[in-house]
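An overview of the molecular structure
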Protein chains: 2
Amino acid sequence: MQINTQRFLSDLHTLRQFGAAGSGKGVQRRAYTEADIAARDWLSDQMRAIGLRVEMDAMGNLFGLWPDDALSLLLGSHSDTQPEGGWLDGALGVIAGLEIARAARERGGPRVSVVSFQDEEGRFGVTTGSAVWSGTLTQSQADLVTDSDGTTLATARAALGARVTGPVDPSRFSGYIEMHIEQGPWLDQSGEKAGVVSAIVGIRDMVVTLTGAQNHAGTTPMHLRRDTFQGLAEFAARLPEALAPIVTPASVWTIGHVALHPGAHSVIPGECRFSMQWRDGSIERLAEMESTIRNLLSEITAKRGLGLSYGPKLGLDPVDMAPHLRAALEAAADEECPGAWRTMPSGALHDATGVSRLMPAAMLFTPSIGGISHDFAEDTAEPDLETGLRILAKAVLKLAGNDAP
Amino acid sequence: MQINTQRFLSDLHTLRQFGAAGSGKGVQRRAYTEADIAARDWLSDQMRAIGLRVEMDAMGNLFGLWPDDALSLLLGSHSDTQPEGGWLDGALGVIAGLEIARAARERGGPRVSVVSFQDEEGRFGVTTGSAVWSGTLTQSQADLVTDSDGTTLATARAALGARVTGPVDPSRFSGYIEMHIEQGPWLDQSGEKAGVVSAIVGIRDMVVTLTGAQNHAGTTPMHLRRDTFQGLAEFAARLPEALAPIVTPASVWTIGHVALHPGAHSVIPGECRFSMQWRDGSIERLAEMESTIRNLLSEITAKRGLGLSYGPKLGLDPVDMAPHLRAALEAAADEECPGAWRTMPSGALHDATGVSRLMPAAMLFTPSIGGISHDFAEDTAEPDLETGLRILAKAVLKLAGNDAP
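Attention in this report is confined to the structure presented alongside it. Just so it is clear, the structure is predicted and the values come from calculations on it, not from any experiment.

What counts, and at which threshold
- Residues numbered from 1 in each chain as written.
- Chains lettered and ligands numbered in written order.
- Predicted model: local features only at pLDDT ≥ 70, side-chain atom pairs only at ≥ 80, totals over all residues.
- Heavy atoms only, no water.
- Least-squares fit on C-alpha atoms with pLDDT ≥ 70 in both.
- Contact = heavy atoms within 4.5 Å.
- Axes fitted to C-alpha atoms, helices over the stretch in contact; angles between N-to-C directions.
- Helix = DSSP H or I, 4+ residues; strand = E, 2+ residues; numbered from the N terminus.
- Parallel < 35°, antiparallel > 145°, perpendicular 65-115°, else oblique.
- Left-handed = near helix turned anticlockwise from the far one by under 90°.
- Nonpolar A, V, L, I, M, F, W, Y, C, P; charged D, E, K, R; others polar.
- Buried area = accessible area lost by both parts, 1.4 Å probe.
- Salt bridge = Lys/Arg side-chain N within 4 Å of Asp/Glu carboxyl O.
- Polar contact = N/O pair within 3.5 Å; in protein donor to acceptor, adjacent residues only side chain to side chain.

Focus: the relation of the copies chain A and chain B
Of the transformation superimposing chain A on chain B, the axial component is 0.7 Å and the angular component is 179 degrees, with the fit at an RMSD of 0.8 Å. The transformation relating the two chain copies, once decomposed into turn and shift, fits a two-fold axis. No C-alpha of chain A lies nearer the rotation axis than that of Ala233 of chain A, which sits 2.0 Å from it. A shared interface surface links the copies, since 98% of the contact residues of chain A are contact residues in chain B too.

Overview of the packing of helix H2 (residues 34–49) of chain B against helix H3 (residues 91–107) of chain B
All names here are of chain B. The interhelical angle for the contact between H2 and H3, taken along N-to-C directions, is 20 degrees, at an axis separation of 10 Å. Accordingly, the angle class assigned to the pair H2 and H3 is roughly parallel. Where H2 crosses over H3, the handedness of that crossing is left-handed. Across the interface between the two elements, Trp42, Leu43, Gln46 and Met47 of H2 pack against Val94, Ile95 and Leu98 of H3. Grouping the constituent residues of the contact of H2 with H3 by class yields six nonpolar, one polar and no charged.

Section: the interface of chain A and chain B
Put simply, an interface is often sized by how much accessible area is lost when its parts join up. Across the boundary between the two partners, chain A contributes 51 residues, which contact 50 residues of chain B. Sorting the residues of chain A by area buried against chain B places Thr219, Met222 and His265 of chain A first, and these three jointly supply 15% of that buried surface. The interface formed by chain A and chain B holds zero salt bridges in total. Our enumeration of links across chain A and chain B arrives at 15 residue pairs in polar contact (both at pLDDT 80 or more). For the side of chain A that touches chain B, the elements supplying multiple residues, two or more each, are helix H7 (186–190), strand E7 (202–211), strand E8 (215–216), helix H8 (228–243), strand E9 (252–254), strand E10 (258–261), strand E11 (267–268) and strand E12 (271–280) of chain A. When residues in the side of chain A that touches chain B are grouped by element, the largest group, seven residues, is from H8 of chain A. Broken down by class, the residue content of the side of chain A that touches chain B amounts to 23 nonpolar, 23 polar and five charged.

Structure representation (structure tokens):
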């Protein structure tokens, strides 16, 4: 099987023209926008050109299927982007899958199919397309979700029109391998060329509300205040020390959203809502972190006379990657860049999270320069992209073994 | 001079019918609304009925002038309310002035004039009517200001129509005394009946912006984050200790507004803007507090690799109350409620802030039940209102001394 790295890079650069924006290699290609649908049309043409059968399900997940009905290995990721995204992100995995399928078609095998999932970046949720395909979410639930402009998914996906051919049966695939940029700094900082993902970390996310006493910022003495923001500040400042005995260097936690009410300079905030999110590869550690978070909040709010309530806790459990797929990627990495790759967890969610409910799934990371992601400035050195492609192609061959046609 | 507490309370209850709303004794009487103008018409009638000469300036500040042109003492406050206000707030001082002027008219002196300033509650700014009268703000500057619905002050004040008689010369007054509810908890908690204001505290207010690195909340390890909210949390949590050596129990500071960018659960906030406001009666202490705030922010942002910038610093300097007016109030309080009054700063702004630029000014506080203000639930026990009225009347007599007609 003869992969062509020039063709692969050329396709990546062509794809980034759909929605090219901002600075450098920036792209704006949100799910279901004109640019996204045009990119899917172009991808469909490339798939057809190499003899794959193009199908699209109701969500807009685009498949290029190996033309016979025997089991094939599914390669891909997603081609939609964040509102301000880079040229690689998921597009890398889609184009890598396309190049390997093309090389396999030229040689008559192994059987490889390609997918570009829809709305991985969450215009309407999180990994929406693969979540519906894997049954985490029903189509009718998803259809009710609105984007930040109030458009429902049902309305947005109507733009797919006659492209939709119907459901694609997951049982036709033997497994799924997703190549993706790391989106973090580990490989870039160590100078390594690739990461084989051991597990996708689990996420817990909840909205916390503190209630206190809204009052005049001039006439209310400090010792009589029940200031909800001061409660949050103490919590956020003390949390690292409280979590220290439990966490590993790969554990993360984030307060990314804060809303004070009434939010005026001269009024003590009587209510404070904030997002509390934490991620870890161990389901037990996620639970220990939750206990620590809740205990610290209880202690601080009791001391300060504040009310404390929690919104629903959302979460996805950690997902281990399939051992045989992971082993093939590791063996291939060892041949392509010996001593310059690592096994690592994925701190971000990916389509592989949902797909792993349907079939064995694995992931391969390439380095992200500066760890930058979801930004026009996202990038990876082209030699590293080529190394990733070669590892993936080698792993595909190893998995096919003697079964390859 | 024979004040009549029944007449005084009855007038207060009549005035609260203009814009009566919400629960209890709640009032909605924003500046220039129908209810506000109707209340001013009713006040004008009461002034005329006791032989005061009614004048209104272009802002809508309503004066009831002692009919001869000799110097008179100006009593009053404002009769507009917050969007959701109580029945007392500034109305208390206006009606107290009216009752004392009435008693003085019945006796032929001392010379007392009455004022209800316009828009103290800041539909178009802060203490707008008295600020224009005292020259802090020009009428043409003020006219351009819009309320939260986009209406300009110029448009709003056109509703005053033929009521406007022209400018009122401040030099006709010997001084200004404003009675007002405390709007804080000190008198209510101590069980004291009155507060003689030593100074209206000064305010400093600025918007602080921290800049860091916006990044993925899953893939960015804790030790590599430049999380602006974590910087703010550390600052807010450490500020009380940093300020402790400088401040008094009357010093206050507030972070009332916080905006994180982009403000998403899964994104490390790369920018954080927050309001930092502090108040104190001493201009030196205000400056020391500012140094402490800036030093702590510099230390924390340097340590965390964050950018730090400041918006314009807004501020009003503290205003000392006129010693001879304050002495008269203290002597009167000592007679009316010996051992049950105190000297205290005002943590809130009042019309006296601006008026003190024109003439000697002083203030008298009555207790606020539960310290509640700017709320339908604001209230003061009627016996405490009567005590306040008696103190004010006695102070007026003491000031008149042998000059009283």
